[in-house]
Amino acid sequence: MTPQSLTAKSVETASLPVIDVSALSSADPAKRAAVGAALRAACLDKGFFYCSGHGIPQGLIDAAFAETRALFDLPDAEKDSLDKSTSKANRGYETLGGQTLEAGAMPDRKEGYYIGVELPESDPRVQEGRFNRGPNIWPSDLAGFQPTMRAYFAALTVLGETLMRGIALSLDLPEDTFKDYCQDPLATLRLLHYPPANPDAPEERGAGAHTDFGGLTILMQDDNGGLQVFDQASESWVHANPISGTFVCNLGDMIARWTNDSYRSTLHRVMNTSGRERYSIPFFYVGNPDYEVKCIPTCLKPGETPKYDPITVEEHLTSMYRKTYVIK
Ligand SMILES: O=C(O)CCC(=O)C(=O)O
Ligand SMILES: [Fe+2]
């Protein structure tokens, strides 16, 4: 699909389902199965849903946004000193226009900051140069930043595990099917700041059209709106408007691959036409790097064969990152 065809259509209001996932912790198997059924319908459709009943305290979410704003408000020279080019583990600050998510489009009108699992230089995985493994970069002038982001990262990791139990149920598999996948995951927290759209460059996107590379994305957006999801049936973009107290969750390419494309990884983009500064915090829950992703047999329809070869999580991610970044 060309960028032109992606701009041709109108934007409607999305009808993405809101799924209350609190019952995944219920003692009643029927209630857990009901969440699984709701997830299944969402995953077979666009692979996008709002997640309520997630148990993440609003105070922690508010604190994460406050620290995100404080970070991007730092003077440019200070942000440049935190630049991710100084990290071997893809951590730290990414300048405005540092990524082009949509091939052929202008660079994204956003600046970002990457945080991952904290590992010291002495860890064997860091020594071996494993993908995305290493220490974080922490701004020295923001006292609350590190503790807040670590707490948020830990809470979202638990939510990611819970949702993977839900995904297992949605596939009619035992709830603990993805236990090994969830061991020592390669999760990434990304802080994003989108300046208001430039009226002189209407074709510029905050984030160009893309699918997410990995497993499950758990996104907290502020109340400015701007996230759009592609609707294949009508070939139009639909607004994923913010719904207070919910995360927007979506499946990445790796889960599509795992399910032989029965679960969907859908194109989305961001256009910040609010006239205000927009902030969002996606958390990419990707599992253990050595875990082998191969077609789940029950995802094959009669007569179907696996479309993709088995691949490890790390191999998959490395190859996907190469598409938007040059990897050192
Ligand atoms: O900022 C958003 O709302 C979405 C960001 C996104 O799609 C991404 O980082 O993959
Ligand atoms: Fe995305």
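Values in this document were obtained by computation on a predicted structure and should not be read as measured data. (Residues numbered from 1 in each chain as written. Chains lettered and ligands numbered in written order. Predicted model: local features only at pLDDT ≥ 70, side-chain atom pairs only at ≥ 80, totals over all residues.)

## Observations regarding the overall build of the chain
Tallying secondary structure elements over the chain gives eight helices and 15 strands in all. Here the C-alpha atoms of the chain give a radius of gyration of 19 Å, agreeing with the 20 Å that 2.2 N^0.38 yields for 328 residues. Its C-alpha atoms give the chain principal-axis dimensions of roughly 55 × 50 × 40 Å. By the burial criterion, 39% of the 328 residues in the chain qualify as buried. A separation threshold of at least 6 residues defines the contact pool for the chain, and within that pool the share at least 24 residues apart is 75%. (Helix = DSSP H or I, 4+ residues; strand = E, 2+ residues; numbered from the N terminus. Rg over C-alpha atoms; globule rule 2.2 N^0.38 Å. Buried ≥ 20, exposed ≤ 12 C-beta atoms within 10 Å, placed from the backbone. Contact = placed C-beta atoms within 7 Å.)

## Considering the nonpolar core
One finds Ile19, Phe49, Ile218, Val248, Cys249 and Phe283 to be the most contacted residues of the largest nonpolar core, which totals 75 residues. Sort the elements by how many residues they give to this core and helix H6 (residues 145–170) lands first, with ten residues. Here isoleucine 218 is in contact with Leu156, Leu159, Gly160, Phe247, Cys249, Phe283 and Tyr285, once residues within four sequence places are set aside. (Core = buried A, V, L, I, M, F, W, Y, C linked by C-beta atoms within 7 Å.)

## A closer look at unusual backbone geometry
Residues other than glycine seldom take positive phi values, yet asparagine 90 does so here, at roughly 60°. Along the polypeptide, asparagine 90 turns up in the loop between helix H4 (76–81) and strand S4 (92–94). The backbone phi angle of aspartate 261 is positive, close to 65°, even though this residue is not glycine. With respect to the helices, strands and loops of the structure, aspartate 261 is situated in the loop between helix H7 (253–258) and strand S12 (268–270). Of the residues examined, aspartate 261 has 16 C-beta atoms within 10 Å and is grouped as partly exposed.

## Brief notes about the site of ligand 1
Near ligand 1 you find Arg190, Leu192, Ala207, Asp212, Leu219, Gln221, Leu227, His268, Val270, Ser280 and Pro282, and these make up its full shell. Taken together, the elements giving at least two residues each to the shell around ligand 1 come down to strand S6 (188–194), strand S8 (216–221), S12 and strand S13 (278–285). Among the residues forming the shell around ligand 1, the class breakdown is six nonpolar, three polar and two charged. (Near = placed C-beta within 6 Å. Nonpolar A, V, L, I, M, F, W, Y, C, P; charged D, E, K, R; others polar.)

## Describing the UniProt feature "domain: Fe2OG dioxygenase" (unreviewed entry) in the chain
In the numbering used here, UniProt assigns the feature "domain: Fe2OG dioxygenase" (unreviewed entry) to residues 185–287. Helix makes up 6% of residues 185–287 and strand 41%, and the two end C-alpha atoms of the span are 4 Å apart. (UniProt positions renumbered as here; feature names shortened; annotations may be inferred.)

## Notes on helix H3 (residues 58–72)
The terminal C-alpha atoms of H3 lie 21 Å apart, and with 15 residues this matches the ideal 21 Å at 1.5 Å per residue to within 8%. Against the buried residues of H3 lie strand S5 (111–116), H6, S6 and S13. (Expected span 1.5 Å × (residues − 1).)

## A word on the pairing of S8
Most of S8 sits out of view: six of its six residues are buried. Side chains Leu216, Ile218 and Met220 of S8 all project onto a buried face; the interleaved residues Thr217, Leu219 and Gln221 project onto the opposite face, where all are buried too. Strand direction decides the pairing type here: S8 and strand S11 (residues 247–251), joined by four bridges, are antiparallel. Considered in S11, the bridge of isoleucine 218 is made with cysteine 249. (Pairing = 2+ DSSP bridges.)

## Here we look at the sheet that holds S5
The strand order across the open sheet built from eight strands is S2-S3-S11-S8-S13-S6-S5-S4, with neighbouring strands paired in mixed fashion. Of all strands in the sheet, those bounded by a partner on one side alone are strand S2 (18–20) and S4. Within the sheet, the average angular offset between the axes of one strand and its neighbour, ignoring direction, is 25°. Sheet strands in contact with helix H2 (residues 29–45) are S2, strand S3 (48–52) and S11, and its direction is about 155° off that of S2. H3 rests against S5, S6, S8 and S13 of the sheet, and its axis sits at about 115° to S13. (Axes fitted to C-alpha atoms, helices over the stretch in contact; angles between N-to-C directions.)

## Some points on the packing of H2 against H6
For the pair H2 and H6, interaxial distance at closest approach is 7 Å and the crossing angle is 80°. The angle between H2 and H6 places the two elements in the roughly perpendicular class. Two secondary-structure elements touch here, H2 through Arg32, Ala33, Val35, Gly36, Leu39, Arg40 and Cys43 and H6 through Gly166, Ile167, Leu169 and Ser170. Grouping the constituent residues of the contact of H2 with H6 by class yields six nonpolar, three polar and two charged. (Parallel < 35°, antiparallel > 145°, perpendicular 65-115°, else oblique.)

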